[in-house]
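Descriptive structure summary
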Amino acid sequence: VPETRWTVDHPILHVSTQRTSAASYGGFIAGAQRFDNQAFSINGTEANAMDPQQRLLLSQGYTALHIASHRRTTLAGSSSGVFLGIERPDWTHAQPQSARDSVYAVTADNVSVAAGRLSFVLGLHGECMSVDTACSSSLVVLHSVYHALHRSNLLLALALSVSLKLGSQPFLSLSITK
């Protein structure tokens, strides 16, 4: 996924002259909202309501399995697990009103649903969990995968983490020095 780097002088960061930022750069994913919902048999209304983090997890999870020479057709029904590190989504505040009014709004930005959605779409029947421990989510997920593979009969485990910040305010608040 292409990345764009912005300096603190970039207009989107809105750094005022009274406050300065401790961060010199930010890493941003271009096109995080793009998603091929038809590839996952998800209708357009549901896809529009989904948190971009869930869209990214579906796309990247499928890509990771594909690169590892696994196919959805051969994994469907297998004892394969999904372990996700995912932070509280900003999508609740950033989504359009039409998405909030959708029947899909309940599952659209729910972190506990994200692993289940990926597991369901891929047809996996192993352990499935979403973890939100803020900055350590990825490490906790890898630790969980290690133990799950050693204690159970998982065929394989898919471990992914995502943390999309859809607004600039949290970034700015954490990087202001005065």
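What this report covers is the structure whose coordinates are included nearby. (Residues numbered from 1 in each chain as written. Predicted model: local features only at pLDDT ≥ 70, side-chain atom pairs only at ≥ 80, totals over all residues. Heavy atoms only, no water.)

**Describing the packing of helix 2 (residues 52-67) against helix 7 (residues 111-122)**
If you want to describe how two helices pack, look at the angle between their axes and the distance between the axes. Keep this limit in mind: An axis is simply a line fitted to the C-alpha atoms; with a helix, the fit covers only the stretch in contact. Between two such axes, the angle follows the N-to-C directions and lies from 0 to 180 degrees. Numbering of helices and strands starts at the N terminus; helices are DSSP runs of H or I of at least 4 residues and strands are runs of E of at least 2. Orientation categories follow fixed angle ranges, with anything under 35 degrees roughly parallel, anything over 145 roughly antiparallel, 65 to 115 roughly perpendicular, and all other angles oblique. In this scheme the crossing of two helices becomes right-handed for a clockwise turn of the near helix relative to the far one and left-handed for an anticlockwise turn of less than a right angle. It only takes one pair of heavy atoms within 4.5 Å for two residues to be counted as in contact.
Running from amino to carboxyl end, helix 2 crosses helix 7 at an angle of 45°, the nearest separation of the two axes being 10 Å. Relative to helix 7, the element helix 2 lies oblique. For the crossing formed where helix 2 meets helix 7, the hand is right-handed. Seen from helix 2, the contacting residues are Gln54, Leu57, Leu58, Tyr62 and Leu65; seen from helix 7, they are Ala114, Arg117, Leu118, Val121 and Leu122.

**Considering the side chain of glutamate 46**
We apply this condition: Polar contact criterion, stated in full: a pair of N or O atoms within 3.5 Å, where within protein one must be able to donate a hydrogen and the other to accept it, and residues adjacent in sequence count only if both atoms are side-chain atoms.
Relative to the helices and strands, glutamate 46 is located in helix 1 (residues 44-49). Of the polar contacts made by the side chain of glutamate 46, one reaches the side chain of arginine 117; its length is 2.8 Å.

**Quick notes on helix 8 (residues 137-151)**
Heads up, the condition is: One less than the number of residues in a helix, times 1.5 Å, gives the span that helix is expected to have. Note on exposure labels: buried denotes an accessible area under 20% of the residue type's maximum, exposed denotes more than 50%, and partly exposed covers the range between, all computed with a 1.4 Å probe on protein chains only. Within this analysis, the arc is defined by the directions that extend from the helix axis to the C-beta atoms.
The end-to-end C-alpha separation of helix 8 is 21 Å, in line with the 21 Å expected for 15 residues at 1.5 Å each. Within helix 8, burial applies to Ser137, Val141, Ser144, Val145 and Ala148. Along the axis of helix 8, the buried positions cluster into a sector of 105°, meaning they face one direction only. Structural note: helix 8 exposes Leu139, Leu142, His143 and His150 on the side pointing more than 90 degrees away from its buried face. Among the structural elements, strand 3 (80-86), strand 4 (128-131) and strand 5 (156-162) are those in contact with the buried residues of helix 8.

**A look at the packing of aromatic side chains**
Quick note on the threshold: Each pair of aromatic rings taken from Phe, Tyr and Trp, with Trp reduced to its six-membered ring, is defined by centres within 6.5 Å and is described as stacked if the planes are under 30 degrees apart, edge-to-face if over 60, and tilted in the remaining cases.
Tallied over the entire structure, the rule returns two aromatic pairs. Aromatic pair phenylalanine 35 and phenylalanine 40: ring centres 5.5 Å apart, planes at 0°, arrangement stacked. Like phenylalanine 40, phenylalanine 35 is buried. Summarising the aromatic geometry, the rings of phenylalanine 40 and tyrosine 62 are spaced 6.1 Å apart at their centres and angled 85° between planes, so their arrangement reads as edge-to-face. In this pair, phenylalanine 40 sits in the loop between strand 2 (25-29) and helix 1 while tyrosine 62 sits in helix 2, placing the two residues 22 residues apart along the sequence.

**Side note on the nonpolar core**
Applied cut-off: Residues belong to a common nonpolar core when they are buried Ala, Val, Leu, Ile, Met, Phe, Trp, Tyr or Cys residues joined through side-chain atoms within 4.5 Å.
Judged by nonpolar contacts, the single largest core of 25 residues is most densely connected at Phe35, Ile42, Leu57, Leu58, Leu84 and Leu118. Elements with a minimum of two residues in this core: helix 2, strand 3, helix 7 and strand 5. At five residues, helix 7 tops the list of elements feeding residues into this core. Leave out the neighbours within four places in its chain, and leucine 84 touches Leu57, Ala114, Ala115, Leu118, Met129, Ser130, Val131, Val141 and Leu160. Phe83, Val131, Val141 and Ala148 belong to the second largest nonpolar core, which has six residues in total.

**Digging into the environment of valine 140**
Here valine 140 is to be found in helix 8. Valine 140 sits in the partly exposed class, given a relative accessible area of 29%. The spatial distance from the C-alpha of valine 140 to the C-alpha of glycine 85 is 7.7 Å, given a sequence separation of 55 residues.

**Some details on the sheet that holds strand 5**
Applied cut-off: For two strands to count as paired, DSSP must find a minimum of two bridges between them.
Reading across the sheet, the three strands line up as 4-3-5 and stay open at both edges, with parallel pairing between neighbours. Where the open sheet ends on each side, the last strands, each with one partner, are strand 4 and strand 5. Across the sheet, the axes of successive neighbouring strands diverge by a mean angle of 10°, strand direction being ignored. Sheet topology places strand 3 next to strand 5; seven bridges connect them, and they run parallel. Within the sheet, the bridge partner assigned to valine 82 lies in strand 5 and is leucine 158. Set on the sheet, helix 2 makes contact with strand 3 and strand 5; between it and strand 5 the angle comes to about 140°. Those strands touched by helix 8 are strand 3, strand 4 and strand 5, and its axis lies near 175° from that of strand 5.

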